[in-house]
Amino acid sequence: MRRQFGFSTTAIHGVPHRRPDWTPIAPALQQSSTFVNPVGSDDEVLYSRYGNNPNQLDLARKYALLEGADDAIFVASGMGATALAHLAVLRPGDHLISSTWIYGGTQHLFDRELARFGIEVTYVNPEQPRHWRKAVRKSTRAIFVETPTNPLMRIVDLGPITYAAEEEGLALLVDATFASPVNFRPLEHGADVVITSATKYLNGHSDVIAGAIAGSTSFVEEVNRLMRLWGQAIDPHAAWLIDRGMRTLALRMERHNTNGLAVAQWAEQHASVARVHYPGLPSHPDHERAKSVLQGFGGMVGLELKGGVKATERLLKRLEMIAHAPSLAGVETLVSEPRLTSHKGIGAEGRAKIGIPDGFLRLSCGIEDAADIIGDLEQGLK
Ligand SMILES: Cc1ncc(COP(=O)(O)O)c(C=O)c1O
């Protein structure tokens, strides 16, 4: 019987096995677009755009194990993963149901690009769980949810959504980028497909753009077919870097989780802070759900300062260690303003409607010493 290995071991070795003498400990990077083909063979050719370069394949196998999926595939970006996953389930004239709490780029993809294929999208506010079922039409094929959400860190209840999806025979696709498979594995909660921006926690070092999709073998095969035609394969070097990043994923997440909680608890006590959004705090609306479904609360913290935009800009100009930059989930702490980045496109009114006032700061706590992250914020707020 095959032994079951733990998450950290799997993230390092995939399925551990005894290696022949002189095997390199670090995997070889096969930075090659193509490979020698046996003469007269009608076997599939090896060509990196097809995603069958060994670095691409090994990475996908390891990630599938971490998500508990039959199969997985890496592509050129998180947006590429979201786009291909939806193209794999939707046809012109189909209908998609999406949570309203989603990344701005995903919203544009749905509203502008899927619309071009005649695919309609109905948005459901997860605070009205009965609306999932109500939104279903004859042409509905799939439901899309992001959890934890960007940047309010809401934890969506997948219960009523999986119920509606199963009853109606719909595919449930979940973007769990903000959790990483350490903190939340959607397939264990009834999702059919998990989408992640590998740019974030999987890689963890702010030096790669990539995305991943995990699910059933037939689903991943369809994504693979689309990936080849839409030219979305991940570069072998990016795959190699993500594989290296994933070796420390479990350890990094432990520190992201403790730093996120320490910063959130400190911020909640600070006189200049009006509100903190962190699922590990009892004040967060989804704290109880977060405790029951997440293995850790993560490194993402939302902050509202009492002085609004003026106060946030003053803080941003004073920070020394923490860099003002979009993106998240790297080893270094970053801070950004959703009004100028992820949620720019929906305007001030749209943001206010979904609870992101101007002056909202999104902090991605890195793995530095918590005292130094807090120290930099403290001096910046003085
Ligand atoms: C939740 C979420 N999904 C997807 C993406 C897109 O990922 P990428 O930038 O790798 O295309 C992002 C980017 O910030 C994100 O926050």
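As the structure is a prediction and not an experimental result, all values here were calculated from the model.

**A few points about the sheet that holds strand S6 (residues 193-197)**
Part 1: Taken together, 7 strands build an open sheet; the order of strands is S1-S7-S6-S5-S4-S2-S3 and the sheet is mixed. Unpaired on one side and paired on the other, strand S1 (71-75) and strand S3 (120-124) mark the two borders of the sheet. Strand-to-strand twist across the sheet, computed as the mean angle between neighbouring axes with direction ignored, equals 20 degrees.
Part 2: Both S1 and strand S7 (residues 211-215) contribute to a ladder of 5 bridges, which runs antiparallel. Bridge pairing links Ala72 to Ala214 in S7.
Part 3: Along the sheet, helix H2 (residues 54-67) makes contact with S1, S6 and S7, crossing S1 at roughly 125 degrees.
Part 4: Where helix H8 (residues 217-230) meets the sheet, it contacts S1, S6 and S7, and its direction lies at approximately 20 degrees from that of S1.

**Here we look at the packing of helix H12 (residues 308-318) against helix H14 (residues 370-381)**
Packed helices, taken two at a time, are described by their axes: the angle between them and the distance between them.
Part 1: Where H12 meets H14, the axes come as close as 8 Å, and the angle between the chain directions of the two elements is 125 degrees. Taken together, the axis directions place H12 and H14 in an arrangement best described as oblique. For the crossing formed where H12 meets H14, the hand is right-handed. For the pair H12 and H14, the contacting residues are Arg314, Leu315 and Arg318 in the first and Leu377, Gln379, Gly380 and Leu381 in the second.

**Some details on the pattern of salt bridges**
Part 1: Inspection of every chain in the model, using the stated rule, returns 19 salt bridges.
Part 2: Each of the salt bridges in this network shares a partner with another, and the network as a whole consists of Glu127, Arg154, Asp286 and Arg289.

**Points about the environment of Asn55**
Part 1: Along the polypeptide, Asn55 turns up in helix H2.
Part 2: Looking at Asn55, the relative accessible area reads 8%, which means it is buried.
Part 3: Through-space distance from the C-alpha of Asn55 to that of Ala238 is 9.1 Å; in sequence the pair is 183 residues apart.
Part 4: Excluding residues that lie within four positions of it along the chain, Asn55 makes contacts with Ala28, Leu29, Gln30, Pro236, Ala239 and Trp240.

**Describing the packing of aromatic side chains**
Part 1: Summed over the entire model, instances satisfying the criterion amount to 5 aromatic pairs.
Part 2: The interplanar angle of 85 degrees and the centroid separation of 5.4 Å between the aromatic rings of Tyr47 and Tyr50 together place this pair among those described as edge-to-face.
Part 3: You can call Tyr47 partly exposed: its relative accessible area is 31%.
Part 4: Centre to centre, the rings of Phe110 and Phe144 are 5.4 Å apart; their planes meet at 85 degrees, and the pair counts as edge-to-face. Residue Phe110 is located in helix H4 (residues 104-116), and its partner Phe144 is located in strand S4 (residues 140-146); the two are separated by 34 residues in the primary sequence. For the pair formed by Phe110 and Phe144, the shared burial category is buried.

Scoring rules and cut-offs
- Residues numbered from 1 in each chain as written.
- Predicted model: local features only at pLDDT ≥ 70, side-chain atom pairs only at ≥ 80, totals over all residues.
- Heavy atoms only, no water.
- Pairing = 2+ DSSP bridges.
- Helix = DSSP H or I, 4+ residues; strand = E, 2+ residues; numbered from the N terminus.
- Axes fitted to C-alpha atoms, helices over the stretch in contact; angles between N-to-C directions.
- Contact = heavy atoms within 4.5 Å.
- Parallel < 35°, antiparallel > 145°, perpendicular 65-115°, else oblique.
- Left-handed = near helix turned anticlockwise from the far one by under 90°.
- Salt bridge = Lys/Arg side-chain N within 4 Å of Asp/Glu carboxyl O.
- Buried < 20%, exposed > 50% of the residue type's maximum accessible area, 1.4 Å probe, protein only.
- Phe/Tyr/Trp six-rings, centres within 6.5 Å; stacked < 30°, edge-to-face > 60°.

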